[in-house]
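Below, each chain spelled out in residue letters.
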Amino acid sequence: MDAQKRITELTNILNEASYRYYVLDDPTLTDQEYDKYLRELINLETKYPEYLKPDSPSQRVGGTAVDKFNKVTHKIPMLSLANVFNEAEIKDFDAKIKKEGITPEYVCEYKIDGLSISLIYENGILVQGITRGDGITGEDVTGNIKTIKSVPLKLTQPIDVEVRGEVFMHKETLQKLNKEREEQLLPVLANVRNAAAGSLRQLDPKIAAQRELDTFIYYLMEPEKFGIKTHYEALQFLKELGFKTNPASALVGNVAGVLKYINEAQKVRDKLSYDIDGVVMKHNNFLEQQEIGYTAKYPKWATAYKFPAQEVLTKLKDIIFTVGRTGRITPNAILEPVILMGSTISRATLHNADYVISKNLKIGDIVSIKKAGDVIPAVTGAVIERRDGTEKDFQMISVCPMCDTPLIKKNDQVDYFCPNTSCPARKINSLIHYVSRDAMNIEGLGEEIVEELYNLGFVKRIPDFYSLKDKKDQLLEFDGYGEQSINKILENIEASKQSGLARVLFAIGISGIGSKTAKVLAHHFGNIDLLMNQTVEDLEKISDIGETLATNIVNYFQEHKDFITELKNIGINMNEVGSERKTNELITNKKFVITGTINGYTRNEIKDILESYDGIVSESVSKNTDVVIVGDAPGSKYDKALSLNITIWDEPKLKEIFASLH
Ligand code: IVH
């Protein structure tokens, strides 16, 4: 089959598979099949860039980073919604429509807690995605929008259309992201909306792509162009075009139907994978919507019922300090147990001393508790009026609560640290981290068991886990563990030796290395020896790795050479498992600089291809540079390359080499 035909075929297969997976939640291809087709497509597109289609799924991984977003004026302003908070206000809203001589017929929808966007299609192809901004002018975030898998790059009909809807982040995605950020000592994101907004405004679409955003589309512009008369029909039409619409949207009839819908929504709210903060009621008939009209800010034919804030009051009994594996000291609120959104809360993180001070919390205060992003409980403030004078001021500690070592504060960071690497709290938490799910994933070794094994002297250091098998009889002497469960744990410990490099790199706890960076490193180097031989400069060339992280990695391996050898001798697999490394003698481990533009490729695409073969791409030419890739209108890097006598690849040469890759 010729290349152009195959590119079209693969584009269609992959787009259909994405649609089935992300919109209909009914997958047709396995991940492996999908990846196989995508690799084949990217290879073909690399060889024949002239056949790349505008709806190619290869664009989903994120194109070129931008310096700033262009401002775009909305063709029709993006309005907001008025809010109502109770049954009486809902009935008032309903009465106003009736006053116009119209019999209301409502569609109810969830009010998704995200941010609204406008998507513009020409001839059925996505050409622009714009944020709401101030409603009049938004920002062009097309590159980021394309990375959202539920946004169709091509519609089922070749029409010109603008649609609007909500971009949001699933609750679980935020939890994962915050876990990763904590590991990297970055501040956690407060809720799904902030996280979605921040992700959509990333200048580098590759980062946006990693954030796994999702969409629900709920608004069709100029419906008369398509002969559509009601909002409910418009939702069906949007679905037919390939958009993800919210399955809970319903034609509920009159105001009684609205109240019933709200009741149901409140019941299922906690069970949804995404956050909703209310219910939107919209009058169904478009012509009548125009009759009812608009204010400057809101349509008068729709309103948002906002759920009551889910906040409860309880007593802050104490503030205790915990020491993490990195030595970070965290103040924690000990609370009078209270039920919030179905779960009992007796403890909440207070992040750091600055947080406690900014909220002016005193021990003994009545405090309000909210679930941030509906997941993590947060203490949002004290009820000052309820103080009776018995409350005690918060005092930050100056020595470690576990080992009495004086605490330190690093540069301008907000956190205090226990600098003692032998601090028992740090050691226990390091061991707990080692066995945890995203690290070596040793089932059966929960936090309490690890702490007990440490306190009983069985496991003081990571290698001790692997010699537990020689101490089975002693373990059996302690209460609580049957022979069967001990056998199972020992088996799991043995099996963990084959977890692979990414997990090991995360598990050993190199400062600032979260599970994602560990995967990047494992994928890039394939084995630990290669990684250990890198300089700070080499590591910095990998995207995602900055100077601090690179320095941490190099320092860690300098200080832990013997430890790594010890792990190897135990039989822990230090190679990346699961994927073969691609190599090419012209690219692998060679250092590249790109200057000028190459027809058919963006700079990032060239970089990605080189990096997928473990080539190293950097910004400036030095005598260590192996190859300078020179396109149209090259800069001074070209002159420097000539003066240093460095190998030059021009456009035909580069394309010839790329074409020979598999
Ligand atoms: S309709 C002209 N429907 O709520 C009507 N908005 O507070 C435009 N929102 O800016 C909005 N879910 O970001 C509509 N099902 C839904 C919605 C929804 C969430 C957001 C939207 C809007 C804000 C207004």
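Residues numbered from 1 in each chain as written. Predicted model: local features only at pLDDT ≥ 70, side-chain atom pairs only at ≥ 80, totals over all residues. Heavy atoms only, no water.

Undergrad: Sorry, what's going on with the site of the ligand here?
TA: The environment of the ligand is made up of 13 residues, and the closest members are Glu109, Tyr110, Ile112, Glu166 and Lys282. The side chain of Glu109 places a nitrogen or oxygen atom 2.8 Å from a nitrogen atom of the ligand. Tyr110 is positioned such that a nitrogen or oxygen atom in its backbone is 3.1 Å from a nitrogen atom of the ligand. In the complex, the protein chains occlude 89% of the 530 Å² of accessible area that the ligand would expose alone. Listing elements by their share of the shell around the ligand, those giving two or more residues are strand S3 (106–112) and strand S10 (276–283). Here the shell around the ligand takes four residues from S3, the largest share from any one element. Among the residues making up the shell around the ligand, the classes are represented as seven nonpolar, two polar and four charged. (Near = heavy atom within 4 Å. Polar contact = N/O pair within 3.5 Å; in protein donor to acceptor, adjacent residues only side chain to side chain. Areas by Shrake-Rupley, 256 points an atom, 1.4 Å probe, with all protein chains shown as cover. Helix = DSSP H or I, 4+ residues; strand = E, 2+ residues; numbered from the N terminus. Nonpolar A, V, L, I, M, F, W, Y, C, P; charged D, E, K, R; others polar.)

Undergrad: What's the story with helix H25 (residues 651–659) in this structure? I'm lost.
TA: Every buried residue of H25 is accounted for by Glu651, Leu654, Ile657 and Phe658. All buried residues of H25 fall inside an arc of 130° around its axis, so they share one side. Those residues of H25 that are exposed and angled more than 90 degrees off the buried face are Pro652 and Glu656. Contacts from the buried residues of H25 go to helix H2 (31–47), helix H23 (603–612), strand S21 (627–630) and strand S22 (647–649). A distance of 3.1 Å separates the backbone nitrogen of Lys653 from a side-chain oxygen at the start of H25, and that oxygen is part of Asp650. (Buried < 20%, exposed > 50% of the residue type's maximum accessible area, 1.4 Å probe, protein only. Arc of directions from axis to C-beta. Contact = heavy atoms within 4.5 Å.)

Undergrad: Mind showing me how you'd approach the packing of helix H12 (residues 424–435) against helix H13 (residues 447–455) here?
TA: Helix packing for two helices is described by the angle between their axes and how far apart those axes are. Their axes nearest at 9 Å, the elements H12 and H13 cross at an angle of 130°. Considering the angle they form, H12 stands oblique to H13. Judged by the twist between their axes, the crossing of H12 over H13 is right-handed. Mapping the contact onto sequence places Pro424, Lys427, Ile428, Leu431, Ile432 and Val435 in H12 and Glu447, Val450, Glu451, Tyr454 and Asn455 in H13. The class makeup of the residues in the contact of H12 with H13 is seven nonpolar, one polar and three charged. (Axes fitted to C-alpha atoms, helices over the stretch in contact; angles between N-to-C directions. Parallel < 35°, antiparallel > 145°, perpendicular 65-115°, else oblique. Left-handed = near helix turned anticlockwise from the far one by under 90°.)

Undergrad: Even after reading the chapter, I still don't get the nonpolar core, so can you show me in this structure?
TA: It is characteristic of soluble globular proteins that their nonpolar side chains tend to be buried jointly. Residues Leu445, Phe465, Leu505, Leu521 and Leu539 are the most contacted members of the largest nonpolar core, which totals 54 residues. Among all residues touching Leu505, those that are not within four sequence positions of it are Ile510, Ile513, Ala518, Leu521, Ala522, Ile528, Leu531 and Phe557. In terms of nonpolar packing, the next biggest core, distinct from the first, is built from 36 residues, Leu126, Leu155, Leu189 and Phe286 among them. (Core = buried A, V, L, I, M, F, W, Y, C linked by side-chain atoms within 4.5 Å.)

Undergrad: When you look at the packing of aromatic side chains in this model, what are you seeing that I'm missing?
TA: Aromatic rings in a pair are described by how distant their centres are and how their planes are angled relative to each other. A full pass over the atoms with the stated rule returns 17 aromatic pairs. On the numbers, 4.6 Å between centres and 65° between planes, the contact of Tyr21 with Tyr22 is edge-to-face. Judged by its relative accessible area of 39%, Tyr21 falls in the partly exposed class. When its relative accessible area of 31% is taken as the criterion, Tyr22 is described as partly exposed. Where Phe168 meets Phe216, the ring centres are 5.0 Å apart and the plane angle is 15°; that geometry is what we call stacked. (Phe/Tyr/Trp six-rings, centres within 6.5 Å; stacked < 30°, edge-to-face > 60°.)

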